[in-house]
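An overview of the molecular structure
Each chain, written out:
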Amino acid sequence: MKGYRTLEAPRLLGIIWPFIAVVVFQVLLGSLSLYALSAVRAYVAGESLWSKAQKDAIYYLNLYADSGDERTYERYRQVITVPQGDHLLREVLDQPDPDLEAARQAVLQGGNHPDDVDRIIWFYRNFHQISYMQTAIAYWNIGDDYLNKLDVLANEVRDGFAKGQATPERVGDWRARIVFINEGVTPAAKAFSDALGEGSRMLLRVLLITNLLTALFLITIAWRRSSKLLAQRQAFASALQEEKERAQITLQAIGDAVITTDVDGCIGYMNPAAEQLTHWQAGQAVGLPLTALFSLVEEQAESDGRGLLEQVLSGNLKGGAEHARLIQRLDGTTVSINLVGSPIINDGQVAGIVLVLHDMTQERQYIANLSWQATHDALTGLANRR
């Protein structure tokens, strides 16, 4: 079977690790950006709940001042807990060692979704020192101060109804103070919302620019790494081509015939000496089975029944020893050769064989001439006494 070269895992990791690092870093940055944006969205939703709750609290307290209905007062108490929870969250997180569990309970009291609790806490702890957040928090504090005054007034109104002191004059005073608080808290709530919105838009722009710059930086790193790898590959390819050309020139220059085949015995290469020996052109012979060029004729030893390919793979024709053979070409002529064959090993697997055939015709003619001269008279050509 044919062998295929594969990259080892450590070498492959050494090549692709910059690209893995680029992908991992971009994923982490993208995840952080999405988490920050979702935290901002949670803050905007919390601000909406805060604004609605303070409006509802003013509305229900105004109704209670008119009617003295305890059910209306209970509705007031329900809605006022939302901004009170937000205020408690800020107080807890501003401590040097904040109680995170108390902070979570305060976020939930503020009416926020349970899935947003950790995002809100994380965002406040990491971004409350940013100028836009500081501005928003300052207006948040102003709004909470007005709501604290509203709650003090609510207790006073309830006390007045409980003691039977809800005279028309006092109710009028309560209503006037509610209007004053509403007129103060409304601009603060709007400024809080505007500052938070501007901060979220600024954060979006910063994250977008950061992601773009990071992407450009990572693309530059990947580009330089790819260029380096391509340069190395080109250098390897050039060196390999140079070595291949040197080997081909060497094979073309030697006088012995050299033939290579794959594991199936199909010809892959022939040098000029092999073309001359077999009477085949390399361009015509490549891809043909080896038996299409010649067949072995055993001169002295009986054939063991195996083909030339099997003999090479079994090691019977390896170098270091004389392997005299007689080959018969397709035209019927025979040539005496000395044959050496060896398997081609690639990554521990046999990829084919290489044959080296030395034409013994001249050597045998020389030996025959010496034998004739030893037994014949050089002048008459007759056999001598010996």
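See above for the structure.
Residues numbered from 1 in each chain as written. Predicted model: local features only at pLDDT ≥ 70, side-chain atom pairs only at ≥ 80, totals over all residues. Heavy atoms only, no water.

This next bit is on the overall build of the protein. Broken down by element type, the protein carries ten helices and six strands. Counting all 386 residues of the protein, 33% fall into the buried class. A separation of at least 24 residues holds for 59% of the contacts in the protein among residues at least 6 apart in sequence. Surface summary for the protein: the accessible area is close to 23,400 Å², and the carbon and sulfur share equals 59%. (Helix = DSSP H or I, 4+ residues; strand = E, 2+ residues; numbered from the N terminus. Buried < 20%, exposed > 50% of the residue type's maximum accessible area, 1.4 Å probe, protein only. Contact = heavy atoms within 4.5 Å. Areas by Shrake-Rupley, 256 points an atom, 1.4 Å probe, with all protein chains shown as cover.)

Now for a nonpolar patch on the surface. Taken together, the side chains of I16, I20, V24 and L28 present a nonpolar region at the surface, about 320 Å² in accessible area. Mapped onto the elements of the fold, I16 is located in helix α1 (residues 9-67). (Patch = residues over 30% accessible without salt bridge, like charges linked within 9 Å, V, L, I, M, F, W, Y side chains within 5 Å. Salt bridge = Lys/Arg side-chain N within 4 Å of Asp/Glu carboxyl O.)

Our focus in this paragraph is the nonpolar core. In this structure, Y43, L61, Y76, L89, F123 and L150 are the most contacted members of the largest nonpolar core, which totals 48 residues. Contributing elements (two or more residues each) for this core: α1, α2 (70-93), α3 (100-109), α4 (117-127), α5 (131-162) and α6 (168-253). In terms of residues, this core owes the most to one element, α1, which gives twelve residues. When sequence neighbours within four positions are dropped, the list of residues in contact with L89 reads A103, A106, V107, I120 and I121. Residues A274, A282, L293 and I337 belong to the second largest nonpolar core, which totals 23 residues. (Core = buried A, V, L, I, M, F, W, Y, C linked by side-chain atoms within 4.5 Å.)

A separate point is the pairing of strand β1 (residues 257-262). Judged by how many residues are buried, β1 sits mostly within the fold: five of six residues are covered. By the bridge criterion, six bridges tie β1 to strand β6 (residues 349-359) in an arrangement that is antiparallel. Bridge assignment links T261 to a residue of β6, and that residue is I353. Looking at chain direction, β1 and strand β2 (residues 267-270) are connected through three bridges and run antiparallel. Of the residues in β2, the one forming a bridge with T261 is I267. Counted along the chain from β1 to the antiparallel partner β2, the turn is four residues long, and its residue G265 has a positive phi close to 85°. (Pairing = 2+ DSSP bridges.)

As a further point, take the packing of aromatic side chains. Tallied over the full model, the rule gives eight aromatic pairs. Ring plane angle 20° and centroid distance 4.7 Å describe the contact between F123 and F127, whose orientation is recorded as stacked. A residue pair is termed a helical-turn pair when its members lie 3 or 4 positions apart in one helix, as F123 and F127 do in helix α4 at four residues. For the pair F123 and F127, one class covers both residues: buried. Members of the aromatic cluster, connected to one another through ring pairs, are Y64, Y73, Y76, F161 and W174. Between R90 and the ring centre of W140, over which it is positioned, the NZ or CZ distance is 4.4 Å. The aromatic ring of Y146 is capped on one face by K149, whose charged end is 5.2 Å from the ring centroid. (Phe/Tyr/Trp six-rings, centres within 6.5 Å; stacked < 30°, edge-to-face > 60°. Lys NZ or Arg CZ within 6 Å of the ring centre and 35° of its normal.)

In this structure, H279 is a non-glycine residue whose phi angle is positive, near 65°. Within the secondary structure layout, H279 lies in the loop between α7 (272-278) and α8 (282-285). Look at H279 and you get exposed, because its relative accessible area is 51%.

The next thing to look at is the pattern of salt bridges. Applying the stated criterion to the full structure yields 17 salt bridges. Among the salt bridges present, the one from E242 reaches R246, with a minimum N-O distance of 3.1 Å. With E242 and R246 both in helix α6 and four residues apart, the pair spans about one turn of that helix. R246 serves as the salt-bridge partner of E243, at 2.7 Å between the closest nitrogen and oxygen.

We now examine the side chain of R90. Looking at the element boundaries, R90 is found in helix α2. Its relative accessible area of 3% is what places R90 among the buried residues. A polar atom in the side chain of R90 sits 3.1 Å from the side chain of H87. Leaving out residues up to four positions away in the same chain, R90 has contacts with Y124, I137, W140, N141 and D144. (Polar contact = N/O pair within 3.5 Å; in protein donor to acceptor, adjacent residues only side chain to side chain.)

The six strands are arranged β2-β1-β6-β5-β4-β3 in an open sheet whose pairing can be described as antiparallel. With one partner strand each, in any of the chains shown, β2 and β3 (294-297) form the two edges of the open sheet. Strand after strand, the sheet turns through a mean of 35° between neighbouring axes, direction not considered. (Axes fitted to C-alpha atoms, helices over the stretch in contact; angles between N-to-C directions.)

Taking 1.5 Å as the rise per residue, α2 with 24 residues should run 34 Å; its terminal C-alpha atoms sit 35 Å apart, in good agreement. When the local axis directions of α2 are compared, the greatest deviation, roughly 30°, occurs at T81, which is followed within four positions by the proline P83. At the N-terminal boundary of α2, the capping side chain belongs to D69, with an oxygen 3.1 Å from the backbone nitrogen of R71. (Expected span 1.5 Å × (residues − 1). Bend = angle between axes of the 7 residues up to and from the residue.)

This paragraph deals with the packing of α2 against α3. Remark: α2 packs on α3, axes separated minimally by 7 Å, with the N-to-C direction vectors making an angle of 155°. When the axes of α2 and α3 are compared, the pair comes out roughly antiparallel. For the element pair α2 and α3, the recorded crossing hand is left-handed. Side by side, α2 and α3 meet where T81, V82, Q84, G85, D86, L88, L89, V92 and L93 of the first sit next to L100, A102, A103, A106, V107 and Q109 of the second. Here the residues of the contact of α2 with α3 sort into ten nonpolar, four polar and one charged. (Parallel < 35°, antiparallel > 145°, perpendicular 65-115°, else oblique. Left-handed = near helix turned anticlockwise from the far one by under 90°. Nonpolar A, V, L, I, M, F, W, Y, C, P; charged D, E, K, R; others polar.)

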